[in-house]
Amino acid sequence: MLRLLFLFVFLTAITSLASSLSPTYNDIYCPNNATFESNNNTVLKSNLNVLLTSLVANATIGGADFYSTFMGLGTTNVVSGVFLCRGDVNSTMCQNCVTTAATDITRLCPNKTESIIWYDECMLRYTNRYFSPTSIVPRANLNDDKNITTLKLDTFNGLLLSFLGTLAAEAANSLTAKQFATGEESFDFRSNSLVYGLAQCVKGLTIVQCDECLVNASRTLLTCCEGKQGARALLAWCNIRYDSYKFYDTTDDSSSLPPPPSGKNKSGSTTRTVLIVVIVTGSTILLCLGCYFLIRRSAWKKYKTLMRENFGDESAALQSLQYSLATVEAATKKFSSENKIGKGGFGEVYKGNLIDGRQIAVKKLSLSSGQGAGEFINEVLLIAKLQHRNLVTLIGFCLEDQEKMLIYEYVPNKSLDYFLFDSHKTRLLHWFERYKIIKGIAHGIHYLHNHSRLKIIHRDLKPSNVLLDDNMNPKISDFGMARMVALDQDRGSTNRIVGTYGYMSPEYAMHGQFSEKSDVFSFGVIILEIISSKTNTRSLLFDSDDDLLGHAWKQWMNQTPLELVDQDIKESCNHSELVKCIQIGLLCVQEKHDDRPTMATIVSYLTSPSAELPFPRELTESTRSEILPKMVGGELSSTSISTFNGISS
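Residues numbered from 1 in each chain as written. Predicted model: local features only at pLDDT ≥ 70, side-chain atom pairs only at ≥ 80, totals over all residues. Heavy atoms only, no water.

1. A short note on the overall build of the chain
Note the cut-off: The numbering of helices and of strands both runs from the N terminus, where a helix is a DSSP run of H or I of at least 4 residues and a strand a run of E of at least 2. Here, two residues are considered to be in contact whenever any of their heavy atoms come within 4.5 Å of each other. To be clear on the numbers: accessible area is Shrake-Rupley with a 1.4 Å probe, and residue cover counts the displayed protein chains and nothing else.
Secondary structure summary: the chain contains 17 helices and 21 strands in total. Sequence separation of at least 24 residues holds for 69% of the intrachain contacts in the chain that already meet a minimum separation of 6. For the chain, the exposed area adds up to about 29,900 Å²; of that, 52% sits on carbon and sulfur atoms.

Structure representation (structure tokens):
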């Protein structure tokens, strides 16, 4: 109650300072399915109150036309907020609009976890989730209810979309930080009438996001307001408007203030009033924030301790990726059996839908998994640093109530082995798709080795760890066993050999020595498996004659490489591409790691049609015959060679 009283006093004081001009209200987004009980969620309510106080303070004290912030820890009861003033309004009008918005949004939309309020002069919003920058939901569409009369509807629509598209591009590419543009254009050369337009994005969007948001907004006008003389689309991240009169200020003097009142006594009185309000405002803000941080101090210490115990010095950088257990349970319907899509050494995998519409895959660490905790921490630390189109994207993680979960983008077409080693599904993989997959995997590994901030050795590359998106683009997954090494470090060693036999290089399987060339060996095996639709892991149980690598080398030496090829693609494939891939595969699985090419060289082979490839050395059976006795004798444990399946399971 004390914090609510402070907020009330603060807003009352600010209102007394505001201009007599009131902002023009447009609409409010107040969803029925986003209500919370204020008595049961005092933390969220407190966060929201402090958030609104902070937004108003930065509009009135700082004189800013835009400000964004958040209150809360991780994703538990966190609330983010933004205000944006129209690019042409002055600072006084902006302050007044934001102050009014902060009062009206809680009055008109009480106890909501998210809301947006729009005025002519500003927009203010808050949410405890995520608004997509390019989505047309939520939004408000308004029109002046007057129809055009001088042009045919199709002609007007075409001219309008072209005009608004130009404004969108100007706003997105604005040389100023406002991402704001206005303009005018005549649609009918027979008359002197003009159409006026305005487009603006919330600061922080990329050029592409801003342009897409505005273009999507303008297209909604053809549905809601077709043929109207004036209309607007108000979205969470942008707004666009046109009308038959100039509704914006072309002077764009955001620093201009109304002239001071005449008369010495009145001026002195106004000055004293301003000073009193500023002092009261500053004191109120400090007191309110002080109360908030005292309440949250204990929870913050506990949270930091948990993060530091698991992630050490990296804990601060990972806070923004943490999701609450309640959020994950809601997304997966409390881990219902209908949402379960896989199971592996890590635990179980569930499909889910976040409240903003994004599909996710949740890898839930099994409490009985002895090796899982280390891999969990390793995977978060590693993949949080990685961004590449051929690597699966980590959205976040959950570390709460002894639960450990990784949250990934959902990749709909499962894993490569799902198609490759099934006699029916392999027919769905045409050669052009297989070649695209080979090149995509190569680019992903090349990024790990050469272009990420740290050199990363995956150590468990195999078809089940290559996911396929809806366009059959490959995405490398499962970084639980990956190792970071310095960029100038050639190799490392370990006493704990992990991975899957059949994809491990000889020096790693027998001596625990790993390097970039260990991943190169695994990639070579994957290439030969993609070409033949046969798995190399059979060599563990069968004679060497059944070994895929030995069979590939035999066909190469007999000058019959096409005998290795899956019969389903043999007639339709590009033979020159296929032979080149077989040669690259054999180069990758050379016994000595120095004889294998780097991933940079492999990428150049795949992208250059005229590249000259060296001739591979003959593969020997000695290495494979040495590994099997070690496995039987127990030197390589079953844990060491187990498959670490996650999303791909």
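2. Remarks on the nonpolar core
Convention followed: For this analysis, a nonpolar core means a set of buried residues of the types Ala, Val, Leu, Ile, Met, Phe, Trp, Tyr and Cys, connected via side-chain atoms within 4.5 Å. Whether a residue is buried, partly exposed or exposed follows from its accessible area with a 1.4 Å probe, protein chains only, as a fraction of its type maximum: under 20%, in between, or over 50%, in that order.
Residues Leu416, Trp431, Ile441 and Phe523 are the most contacted members of the largest nonpolar core, which totals 68 residues. Ignoring any residue separated from it by four or fewer positions in sequence, one finds Phe523 in contact with Ile438, Ile441, Ala442, Ile445, Cys588, Met599 and Ile602. In this structure, Leu84, Cys210, Cys213 and Ala217 belong to the second largest nonpolar core, which totals 40 residues.

3. Quick look at the packing of aromatic side chains
Describing an aromatic ring pair means giving the distance of the ring centres and the angle of the ring planes. Our working definition: Geometry of aromatic contacts follows a simple scheme: Phe, Tyr and Trp rings, the Trp one being its six-membered ring, pair when their centres are within 6.5 Å, and the pair is stacked under 30 degrees between planes, edge-to-face over 60, tilted otherwise.
This model, assessed by the stated rule, comprises 13 aromatic pairs. Each ring, one from Phe163 and one from Phe187, has its centre 6.0 Å from the other, and the planes form 85°; the classification is edge-to-face. On the criterion of sequence distance, the pair formed by Phe163 in helix 4 (residues 153–172) and Phe187 in the loop between strand 7 (180–185) and strand 8 (195–201) is long-range, its members being 24 residues apart. For Phe163, a relative accessible area of 4% puts it in the buried group. Given the relative accessible area of 7%, Phe187 is considered buried. Taken together, Phe156, Phe163, Phe187 and Tyr242 form an aromatic cluster joined through their ring pairs.

4. Section: helix 4
Put simply, the rule is: Given a helix with a known number of residues, its expected span is that number minus one, times 1.5 Å. Taking the helix axis as origin, the arc is that swept by the directions to the C-beta atoms.
Over its 20 residues, helix 4 runs 28 Å from end to end, which matches the ideal 28 Å to within 8%, given 1.5 Å per residue. All buried positions along helix 4 are accounted for by Phe156, Asn157, Leu160, Phe163, Leu164, Leu167, Ala168, Ala171 and Ala172. Buried positions in helix 4, seen along its axis, are confined to an arc of 165° and lie on one side of it. Contact partners of the buried residues in helix 4: strand 7, strand 8, helix 5 (207–224) and strand 10 (238–243).

5. What to know about the pattern of salt bridges
We count it as follows: The rule for a salt bridge is simple: a side-chain nitrogen of Lys or Arg has to be within 4 Å of a carboxyl oxygen of Asp or Glu.
Under the defined criterion, the tally for this structure stands at 19 salt bridges. The partner of Lys462 in a salt bridge is Asp460, with the nearest N and O atoms 3.7 Å apart. Here Lys462 and Asp460 have matching classes, each one buried.

6. Points about the state of the cysteines
We count it as follows: The definition used for a disulfide is geometric: two cysteine sulfur atoms within 2.5 Å.
Applying the stated criterion across every chain yields a total of six disulfides. Put simply, Cys30 and Cys109 are joined by a disulfide, and their sulfur atoms are 1.9 Å apart. Measuring the twist about the S-S bond at about 115°, one finds the Cys30-Cys109 disulfide to be right-handed. With Cys30 in the loop between strand 1 (25–29) and helix 2 (42–60) and Cys109 in the loop between helix 3 (91–108) and strand 4 (114–119), this residue pair connects regions lying 79 residues apart in the sequence. On the basis of relative accessible area, Cys30 is assigned to the partly exposed category, the value being 27%. Classification of Cys109 as buried rests on a relative accessible area of 1%. Bridging Cys201 to Cys210, the disulfide has an S-S length of 2.1 Å. Judged by the sign of its S-S torsion, about 95°, the bond between Cys201 and Cys210 is right-handed. Neither residue differs from the other here; Cys201 and Cys210 are each classed as buried. Along the chain, the cysteines engaged in disulfide bonds are linked according to the scheme 1-5, 2-3, 4-6, 7-8, 9-12, 10-11 when indexed in sequence order.

Treat this as a map of the structure, not an account of what it does.
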